[in-house]
Amino acid sequence: MSSLPIVSAPVPAQRAPLTKKNLTADHPTWCPGCGDFAVLASFHRVLEKLQYPQEKIVCLAGIGCSSRFPYFVNTHGVHFLHGRTLPFAVGVSLGNDDLHVFAFGGDGDGYSIGGNHLVHTARKNVRLTYVIMDNYVYGLTKKQTSPTSSIGFKTKTDPTGAIDQPINPMRTLINSGATFIARSHASQVNHMVEMMERAARHDGFGVVEVLSECVEFNEGAFDAASPRKGGVFKTIELKKNDGTPEDAKRHDPTNELAAFDLALQPWPGVFGVFLDVKRPTKNQMEAELIAKAKERTKGATDLQVLQATFSRMR
Amino acid sequence: MVSQNSTSHPANITPRSINDVVIRLAGNSQDGIQTIGGFLARLAGRSDQDVMTFMTIPSTISGGPSIFQVRMGSGDILSAGDQADFLVAFYQHSYESHINSLRPGGVLIYDSGNVTPNPDDKRFTNIGVPITNATVEAVGGTGKDKGKNIYVLGLLARIFNLDISKLTALIKERFGGRSEDIVRNALMTFDAGYAWPTDNVRDCYYNFTATPHPSGRPQVTMDGNQALSFGLITAGVRYGAAYPITPATSVMEILRAELPKYGGIFVQCEDEIAAVSTALGFSYSGHLAVTNSSGPGLSLKMEGLGWGVMAEVPLIVINVQRGGPSTGLPTMVEQSDLLQAIFGSHGDSQRVVLAPKNVEDCYYFVQEAVRIARKYSTPVIVLTDQSLATRIEAFDEPDLEKIMGSPAIERAPRGADFKPYSLDQLTHHAPPGTWIDSGSYPIVSGLEHDEMGHPTGNPAMHQKMTIKRREKIKALGAELSPPQVYGDQEGEVLLVGWGSTWGPAHEALKQLRMDGVKIGQVHLRYLHPLEPGLDEIFRHYRQILVAELNDEGLYGYGQFATMLRARYCNDSIRGINKTDGLTFKVSDIVAGVNRYLGRK
Ligand SMILES: Cc1ncc(C[n+]2csc(CCOP(=O)(O)OP(=O)(O)O)c2C)c(N)n1
Ligand code: SF4
Ligand SMILES: [Mg+2]
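Residues numbered from 1 in each chain as written. Chains lettered and ligands numbered in written order. Predicted model: local features only at pLDDT ≥ 70, side-chain atom pairs only at ≥ 80, totals over all residues. Heavy atoms only, no water.

Engineer: Would you mind going over the overall build of chain A with me for this structure?
Structural biologist: For chain A, the helix and strand inventory stands at ten helices and eight strands. Relative to the compact-globule value of 20 Å for 314 residues, chain A shows a C-alpha radius of gyration of 21 Å, a close match. Seen through its principal axes, chain A has C-alpha atoms that stretch 70 × 50 × 45 Å. Buried positions account for 55% of the 314 residues belonging to chain A. The contacts in chain A between residues at least 6 apart in sequence include a share of 68% that link residues at least 24 apart. Working note: accessible area of chain A is about 13,400 Å², and carbon and sulfur atoms make up 55% of it. Looking at charge distribution, chain A has the averaged site of its 35 positive side-chain charges lying 5 Å from that of its 31 negative ones. (Helix = DSSP H or I, 4+ residues; strand = E, 2+ residues; numbered from the N terminus. Rg over C-alpha atoms; globule rule 2.2 N^0.38 Å. Buried < 20%, exposed > 50% of the residue type's maximum accessible area, 1.4 Å probe, protein only. Contact = heavy atoms within 4.5 Å. Areas by Shrake-Rupley, 256 points an atom, 1.4 Å probe, with all protein chains shown as cover. Lys, Arg positive; Asp, Glu negative; His and termini not counted. Charge placed at Lys NZ, Arg CZ, Asp CG, Glu CD.)

Engineer: Looking at this model, I keep getting lost on unusual backbone geometry. Mind explaining?
Structural biologist: Excluding glycine, a negative phi dihedral is what most residues carry, and trans is how most peptide bonds are arranged. Of note, the amide linkage connecting W267 of chain A to P268 of chain A takes the cis form, showing an omega dihedral of 5°. Structurally, the position occupied by P268 of chain A is in the loop between α8 (256–263) and β8 (272–276). A cis geometry characterises the amide bond from H528 of chain B onward to P529 of chain B, with omega recorded as 5°. Along the polypeptide, P529 of chain B turns up in the loop between β22 (526–528) and α18 (534–538). Phi angles above zero are rare outside glycine, and Q51 of chain A is one such case at about 50°. For Q51 of chain A, the location among the structural elements is in the loop between α2 (36–50) and β2 (57–61). Exposure remark for Q51 of chain A: the relative accessible area of 35% places this residue in the partly exposed category. With a phi angle near 80°, S345 of chain B is a residue other than glycine that sits in the positive phi range. Inspection of the secondary structure puts S345 of chain B in the loop between α12 (338–343) and β14 (352–354).

Engineer: Just checking my understanding: could you explain the domain arrangement of chain B for this structure?
Structural biologist: Buried accessible area, meaning the area lost when the parts come together, often serves as the stated size of an interface. Residues and elements named next belong to chain B. According to the domain assignment, chain B contains domain 1 (16–208), domain 2 (220–403), domain 3 (410–465) and domain 4 (486–597). On a C-alpha basis, the centroid separation for the pair domain 2 and domain 3 is 27 Å. Domain 2 puts twelve residues into the contact, and the matching count from domain 3 is 13 residues. Buried area between domain 2 and domain 3, summed over both chains or domains, comes out near 1,100 Å², and the portion from carbon and sulfur atoms is 62%. Considering only the side of domain 2, the residues that lose the most area to domain 3 are Y284, M310 and E312, jointly responsible for 49% of the buried surface there. Counting every contact that joins domain 2 to domain 3 gives six residue pairs in polar contact (both at pLDDT 80 or more). For the side of domain 2 that touches domain 3, the secondary structure elements donating two or more residues are α11 (302–311) and α13 (359–376). When its residues are assigned to classes, the side of domain 2 that touches domain 3 shows six nonpolar, three polar and three charged. (Domains from an automatic or database assignment. Buried area = accessible area lost by both parts, 1.4 Å probe. Polar contact = N/O pair within 3.5 Å; in protein donor to acceptor, adjacent residues only side chain to side chain. Nonpolar A, V, L, I, M, F, W, Y, C, P; charged D, E, K, R; others polar.)

Engineer: What is the right way to read the site of ligand 2 from this model?
Structural biologist: W30, C31, C34, C65, N135, C214, V215, E216 and F217 of chain A make up every residue found near ligand 2. Across the shell around ligand 2, the residue classes tally to seven nonpolar, one polar and one charged. (Near = heavy atom within 4 Å.)

Engineer: How should the coordination of the magnesium ion (ligand 3) be read in this particular structure?
Structural biologist: Residue and element names in this part refer to chain A. Surrounding the magnesium ion (ligand 3) are the protein donor atoms D107 (OD), N135 (OD1) and V137 (O), at 2.1 to 2.2 Å. Of note, the magnesium ion (ligand 3) draws all its donor residues from one chain, in the sequence arrangement D-x27-N-x1-V. Of the two residues, D107 sits in helix α4 (residues 107–113) while N135 sits in the loop between β5 (128–134) and α6 (169–176), which places them 28 residues apart along the sequence. For the pair D107 and N135, one class covers both residues: buried. (Donors = N, O, S within 2.8 Å, 3.2 Å for Na, K, Ca; no water.)

Engineer: Before we go on, may I ask you to explain the site of ligand 1 in this structure?
Structural biologist: Near ligand 1, the surroundings consist of 16 residues, among which C65, S66, D107, G108 and D109 of chain A are the closest. What surrounds ligand 1 is not a single chain but chains A and B. Within the contact set of ligand 1, an oxygen atom lies 2.7 Å away from a side-chain nitrogen or oxygen of S66 of chain A. Within the backbone of L140 of chain A, a nitrogen or oxygen atom sits 2.9 Å from an oxygen atom of ligand 1.

Engineer: Any chance you could explain the environment of V22 of chain B here in plain terms?
Structural biologist: Residue and element names in this part refer to chain B. With respect to the helices and strands, the residue V22 is situated in strand β2 (residues 20–28). For the pair formed by V22 and S179, sequence separation is 157 residues and the distance between their alpha carbons is 34 Å. Leave out the neighbours within four places in its chain, and V22 touches Q69, V70, R71, A80, G81, Q83, A84, D85 and F86.

Engineer: Help me understand α2 of chain A in this model?
Structural biologist: Each full turn of the α-helix corresponds to 3.6 residues, which orients residues three or four apart in the same direction. All names here are of chain A. Between its first and last C-alpha, α2 extends 21 Å over 15 residues, near the 21 Å set by a 1.5 Å rise per residue. Of all the residues in α2, the buried ones are D36, A38, V39, L40, S42, F43, H44, V46, L47 and L50. Its buried side turned inward, α2 meets α1 (20–23), β2, β4 (100–106), β5, α7 (189–201) and β7 (205–211). Backbone geometry just after α2 places Q51 at a positive phi near 50°. (Expected span 1.5 Å × (residues − 1).)

Engineer: Any chance you could explain the pairing of strand β24 (residues 573–577) of chain B here in plain terms?
Structural biologist: Walk down a regular strand and you will see the side chains alternate between the two sheet faces. All names here are of chain B. The pairing of strand β23 (residues 541–548) with β24 spans five bridges and is parallel. Opposite A547, over in β24, you have I576 as the bridge partner. Handedness of the β-α-β unit built from β23, helix α19 (residues 559–568) and β24 comes out right-handed. (Pairing = 2+ DSSP bridges. Right-handed = clockwise from strand over helix to strand, strands pointing away.)

Engineer: Any chance you could explain the interface of chain A and chain B here in plain terms?
Structural biologist: On the chain B side, the residues contacting the 62 residues of chain A number 71 residues. For the pair chain A and chain B, the two sides together bury roughly 5,600 Å², of which 63% comes from carbon and sulfur. A salt bridge links D302 of chain A to R238 of chain B; the shortest N-O distance between them is 2.8 Å. Inspection of the region where chain A meets chain B yields 25 residue pairs in polar contact (both at pLDDT 80 or more). Counting residues per element, the ones that place at least two in the side of chain A that touches chain B are β1 (6–7), β2, β3 (76–79), α3 (85–95), α5 (115–124), α9 (282–296) and α10 (302–312) of chain A. When grouped by side-chain class, the residues that make up the side of chain A that touches chain B number 29 nonpolar, 19 polar and 14 charged. Sheet topology note: the β3 of chain A/strand β18 (residues 443–445) of chain B ladder contains three bridges and is parallel. Counterpart to H79 of chain A in the pairing with β18 of chain B is S445 of chain B. (Salt bridge = Lys/Arg side-chain N within 4 Å of Asp/Glu carboxyl O.)

Engineer: What is the right way to look at the environment of M310 of chain B in this model?
Structural biologist: All names here are of chain B. Locating M310 in the fold gives a position in helix α11. Under the relative-accessibility criterion, M310 is labelled buried at 15%. When the C-alpha positions of M310 and H449 are compared, they lie 9.1 Å apart, and in sequence the two are 139 residues distant. Setting aside residues no more than four positions away along its own chain, M310 makes contact with Y421, S445, G446, L447, E448, H449 and R469.

Engineer: Is there a simple way to explain the sheet that holds strand β13 (residues 315–321) of chain B in this structure?
Structural biologist: Residue and element names in this part refer to chain B. As summarised here, the arrangement of the seven strands in space is β11-β10-β12-β13-β15-β14-β22, forming an open sheet in which the pairing is mixed. Of all strands in the sheet, those bounded by a partner on one side alone are β11 (265–268) and β22. Averaged over all pairs of adjacent strands, the angle between strand axes in this sheet comes to 20°, irrespective of strand direction. Pairing of strand β10 (residues 239–242) with β11, which is carried by four bridges, proceeds in the parallel orientation. What sits directly across from G240, in β11, is F266. Sheet contacts for helix α8 (residues 249–258): β10, β11 and β12 (289–293); angle to β11, the most-contacted strand, approximately 135°. (Axes fitted to C-alpha atoms, helices over the stretch in contact; angles between N-to-C directions.)

Below is the structure:
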């Protein structure tokens, strides 16, 4: 809970459970077939599983097709600026430890204009969940090159094909210092639900990179990992620590170098939890600073603390 | 030790009585010049004297010249003083750079080990004191010349008959946290300065005329950035975010250190864009937050500011102006961010801009900013500047019990008829965590939206919402009273100012009236919206002269003068401007008015 007083009246003791029905808000404006529909459906299922109090859930997003997300979830929501969702989410999360903060956005939003914020929010390990719908293109602005667009991909800003080296999101995320990192695919609803739920339950900055196809401007981009399209969806098996010989080959999500190895696998790579480590959250460390400061002032009220400060300035 | 009891002047000397004195100390930054200034300022604060100081911070953090000017007196001190009565010069370069800021007849105290004054310059009383040698002697050679500042403090204490017991108490407070040796050395050095053979300054002893402070409340002494910080805490602000930039940084440093005591958090962000975003995140979630910066940082915050206007989320933005554009003059003063503050950002984005006039006003007016931000759910920019940020003044200790604001966040459930963007009511958001009876949760949006917060491309709705956002800021204007007119209520000239120019402008008013000019003065603190009634006031003067620290621009008028001309279509509005990075001297403004009057 926030350490500051909150004025609020009791909410009804008998509350209806969260269902797809009461979580549904505006009808999505996405193109038919857009990968983001499946991400939304999966997120509704995650909330149904988690059953947080509805008023304590916050959905935040930047600008882009994917960033329309908060309009389609019936919780408190914010449609913020292109690329700046994470620092906004930092304020919401640090100011209110009782809220469940979810941030959404696209590849341009997260890796280009917001790239620096990603690194700093991750290193600070602020408690929140971040879902990136990566379609390797700018959808909302109608097909410009994105930081994840493959070399040779023809866009309106690279009519003869993209020439700049794309970033590898998983490498970027591991490097950022994020404490929970997973990768999923919009054609795999159960897998998405599992990854998002784990990210939400993670105590710290949890991020899920989802390959979410833009059928309008980057059709078929992720077929190689979609069994229905003849591809292979290869998942990461996590260590069970059961001492069996098979277990030696499984992935240890606390091993950053092993996670890096997975990130470097050739296209379309693997899906699942790359990294899952514990590190104190900024939320917790700030709370400790407050507790220590309060210990020093021996429970003095705000008024008394300020009076004491002023008397030292006489 | 001489300290405790010997608070009187040498028996054979009659001190002169003075109302106020301007002392300029010039040395290098590692000499602790600012410490002397700080001690004097705080002493004066404790002695019911008004204090004002003027300080330069060198751009290089250590080494290089540094000055501190303190004006102490028993009357109402409005400005740092145009010229110094006393100059203490530590080095030859200090002497050479600052001797001309000493008024003829003033006193030069110089370190006889380092400075050779020009023997032909007979304008001043020159007193050589072996400051460095005497300091080394006093502490037995162990501390090298560290402590010269404390030695000089002792010297000044003797000259001005300052309260020794209060000064030694201040020294103990200041050094008390460190080893006993340090406190002992400091006191020994102080005593040595105090005991310096007095015959040498035979006719330079002074006493301040005692005028007990009228309010009877004790005085507190602080700089403008401290005043802003503690004003915010007083008003109940508990969260904020910023990125360091001179001369705004100390606000974030203070809040970072102080807020945890109050259960709050201040975040150092990766840049100013993140800072405004994090602050908006706090504010959206119910904790009205602050972000502080200076010119270039304010520019980076502009997109976020536009979101705050559109989404109607309250926010306090403090901009401590420096010389610009770009990195400009980072440690000097200018009032050139006014138009950025009023019109910066994109689209029609009305926000509130306020400007405190002195250090005390930084404390109180930032609380007014908080009131406005909450009432109108709007971003409010508070414009101060480098001179206010680094100037130390004393003012009555505030009556905290009366004014302490609440930090509580308001999450009372909203009824089924709750509309975040009602067209006929002020917006007051339901922060996350708030139960909504209708079961339909609100979206706070930077897209144009309808009353429920749903995005809309409907042109009629955009027009209605634009009007709503504009009218609420106009409603604030309607709530204000006309500004006070000082001096002549009608006449030849109305002197108009804003922000930190209050002191010199008001002194200039007094001086010009004594010279027989029929002149009035208004000093505006609400810059956007403007205080009402100005057109009526303007009618009573032939010329309206706006004194401000910015350039006259392409069309011949400073930034505020441009605003006033646009607003009132008044051809008699003209400007007194300068951009040398320094505050106005009283004489600058007097000369500016005289120029327009064709006098002298
Ligand atoms: C400051 C700013 N610059 C540019 C834009 C224009 N813009 C909106 S969305 C977008 C890119 C969207 O791409 P992405 O984040 O990948 O989201 P997608 O639409 O693909 O889901 C751009 C360039 C903007 N809204 N704001
Ligand atoms: S343009 Fe692409 S990303 Fe946007 S809604 Fe359509 S399919 Fe989805
Ligand atoms: Mg995209």
